Amino acid sequence: MTRHIDIDAFVVGAGVGGIYSTYRLSRMGLSVKCIDMASDVGGTWYWNRYPGAMSDTESYLYRYSWDKDDLRTYPWTHHYVYQPEILKYLQHIVAKHDLRKYMQFETEMTSATWNEDTGRWDVACCSGSGDVIVHARYLVNSLGLLSKVNYPNIPGLSSFAGDLVHTARWPEELKLEGKKVGIIGNGSTGTQVMTAIAPIVGSLTSFQRSPQYSVPSGQRPVAKEYRDRVNTTYDQIWDSVWSSTIGFGVPESKRKTMEATPEERQQAFQEVWDQGNGFRFMFSAFGDLTTDKQANEEACKFIRGKIDEMVKDPRKAAILKPKDLYARRPLCDTGYYEIFNRENVDVVDLQATPIEKIVPEGIQTADGTTHQLDALIVATGFDAIQGSYMRLKITGRRGRTIEEHWAKGPKAFGSIACAGFPNMFIVAGPQGPFANFPPVIESEINFIMACIEYAERTTTAGPRIMEVSNKAETEWIDLCNRLVEGSLFTSTASWIFGQNIPGRKPSTNFYFGGLKSYLDWVKDQISNGFPAFISE
Ligand code: NA7
């Protein structure tokens, strides 16, 4: 029998965004429930358990800013946090703030329908303990930006007789020691997993479609003096994040690359290379690598030179060196290129010899070779942003579904609300700031909570509705489209513009105006009484 539950706010997803949303809504005094398909909290960090999984944001910023006491007291061991440590941190926050009592796991939202009569969302959920319809005034979707797994569409994939594993669904019992391992995908995930497993596998072959630029992360244990320094300057650190463009705690240079002499350029690139961190390399030495082609090519030359120095075998080095621009999500690593100096690690250039098909014993490439494998890892990423939403039936006003609303590409006003979907909010939706995720997620949730507080405050009787107008939504998308003009990121095909999914038209999925300007814009929206929302 289907149960019915009436609550004020329903949160879907118990990752970084769902946890903070649940915290805020419960502290607002609303009745709240949070569900997740997983068996515990963590979101991305619950699912991505592959060896070497880590954040590439400095540890002191890969956490919530709002628990000041916790910032100064909770331990972390390295400059970058590994997945098990992040998961533990999230579990700790949930326990510390007693949020588990609002949460239910192994429960999936299957549909959500706006009910015009009641002014509520009717949300259908299923779990092992039966089906439930939740009637909620506010629906907060925190399904994750990178959660719908993308499997490559390669003939014969399912015929593979060995272990076939996607990095985002890593089985804990998988043993790779001594095995012949192949991997498809060398993005941020692929490079991490390859670096971690190279020393333990029998052989590792990277089937590489597009080579990647990566710089050292500078991963190392955290010294006491460093932690003390962070603790005493934490307020300033967060202030600088909120007033920055990318929110990674690295300096953001305005210096023009081509105004420096060749020697100065070399020195500036070397300094950020030595300090480590992909975002530092891209944004701290010079301020125009993502907008000026000539400047960008200087950075490419520098990194290619490093690859030549690091990779001893010229054949491997030639395959590993990208030829296109340095204009994807910047990567950093803990010795990625160096693993190719090992005899048990090789790279196959799929541009020269594409994969023909997968056969039970391995991968067959166009040159007729069958690469024998015991295990095949697919590190092929996600159907980012819209992927998580398109598989659900979310129906707003007049029976219009989110699929219809997003037919020409995903869109959300300020990344948080869609026209025709009253009182529905999205965390880390389309057109959010292209910046460090934890501060972005917090910023968006703070905006969502301001909307909900406003609705709760301004209407005492009847349904409390916050519904963004079509006009405001369109203006936001137009702004995002204008901001992306001139960015070199548009020249490379990646998940950032939805181009990693075959057949998908590119769309502007991020707000490239920077975190500070997003926050200033949110402040204006709030202080002007939410002009983008239709008043009833
Ligand atoms: P990404 O960044 O989307 O990388 C996926 C990788 O998989 C990339 O190297 C792709 O090559 C490769 N790929 C995808 N499909 C294929 C096929 N069919 N054949 C060969 N190679 C393929 O995913 P990640 O998980 O690494 O990272 C996603 C984000 O998660 C990351 O930015 C972090 O923020 C966390 P391509 O470049 O498309 O040629």
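Residues numbered from 1 in each chain as written. Predicted model: local features only at pLDDT ≥ 70, side-chain atom pairs only at ≥ 80, totals over all residues. Heavy atoms only, no water.

> For the site of the ligand, give the residues involved together with the corresponding values.
Neighbouring the ligand are 18 residues, the closest being N186, T189, R209, S210 and R329. One nitrogen or oxygen atom from the side chain of T189 is found 2.6 Å from an oxygen atom belonging to the ligand. W495 is positioned such that a nitrogen or oxygen atom in its side chain is 3.1 Å from an oxygen atom of the ligand. Within the complex, 86% of the 790 Å² of free accessible area of the ligand lies under protein. (Near = heavy atom within 4 Å. Polar contact = N/O pair within 3.5 Å; in protein donor to acceptor, adjacent residues only side chain to side chain. Areas by Shrake-Rupley, 256 points an atom, 1.4 Å probe, with all protein chains shown as cover.)

> I'd like a description of the domain arrangement of the protein chain, backed by residues and values.
As far as domains go, the protein chain holds domain 1 (3-148 + 383-534) and domain 2 (157-378). Domain 1 and domain 2 are separated by 28 Å when their C-alpha centres are compared. Facing 48 residues of domain 1, the contacting portion of domain 2 comprises 52 residues. Taken together, the connections running from domain 1 to domain 2 amount to three salt bridges. With a shortest N-O distance of 2.9 Å, D56 and R329 are connected by a salt bridge. One can count 23 residue pairs in polar contact (both at pLDDT 80 or more) joining domain 1 with domain 2. Tallied by class, the residues present in the side of domain 1 that touches domain 2 amount to 24 nonpolar, 16 polar and eight charged. (Domains from an automatic or database assignment. Contact = heavy atoms within 4.5 Å. Salt bridge = Lys/Arg side-chain N within 4 Å of Asp/Glu carboxyl O. Nonpolar A, V, L, I, M, F, W, Y, C, P; charged D, E, K, R; others polar.)

> I'd like to hear about the packing of helix 14 (residues 437-458) against helix 16 (residues 515-527), residue by residue, with values.
It is at 11 Å that the axes of helix 14 and helix 16 come closest, and there the two elements cross at 5°. On the basis of the axis angle, helix 14 is roughly parallel to helix 16. Contacts between helix 14 and helix 16 involve P439, V440, S443, E444, F447 and A450 on the former and, on the latter, L515, Y518, L519, W521, V522, Q525 and I526. Taken together, the residues that form the contact of helix 14 with helix 16 break down as 10 nonpolar, two polar and one charged. (Axes fitted to C-alpha atoms, helices over the stretch in contact; angles between N-to-C directions. Helix = DSSP H or I, 4+ residues; strand = E, 2+ residues; numbered from the N terminus. Parallel < 35°, antiparallel > 145°, perpendicular 65-115°, else oblique.)

> Talk me through the sheet that holds strand 17 (residues 370-372); I want residue IDs and the actual numbers.
Spatially, 15-16-17 is the arrangement adopted by the three strands of the open sheet, whose pairing is antiparallel. Every other strand in the sheet has two partners, leaving strand 15 (355-359) and strand 17 as the edge strands with one partner each. If you compare each strand with its neighbour and ignore which way they point, the axes differ by 25° on average. Examined bridge by bridge, strand 15 and strand 16 (residues 362-365) share four bridges and lie antiparallel to one another. Note on strand 16: the bridge partner recorded for I355 is T365. (Pairing = 2+ DSSP bridges.)

> Hey, could you go over the packing of helix 6 (residues 224-232) against helix 7 (residues 234-242) for me, with residue numbers and the actual values?
Packing of helix 6 against helix 7 brings their axes to within 4 Å, and their N-to-C directions diverge by 70°. With respect to their mutual orientation, helix 6 and helix 7 come out roughly perpendicular. For the pair formed by helix 6 and helix 7, the contact residues are V230, N231 and T232 on the first element and Y234, Q236 and I237 on the second. Partitioning the contact of helix 6 with helix 7 into residue classes produces three nonpolar, three polar and no charged.

> Residue-level account of the state of the cysteines, with values.
Considering all chains together, one arrives at zero disulfides under this definition. There is no disulfide at C34, and the cysteine sulfur nearest it, in C125, is 11 Å away. The exposure class of C34 is buried, given its relative accessible area of 0%. Take C300: it sits in no disulfide, and the sulfur closest to it among the cysteines is that of C332, at 17 Å. In this structure C300 comes out as buried when scored by relative accessible area, which is 0%. (Disulfide = S-S within 2.5 Å. Buried < 20%, exposed > 50% of the residue type's maximum accessible area, 1.4 Å probe, protein only.)

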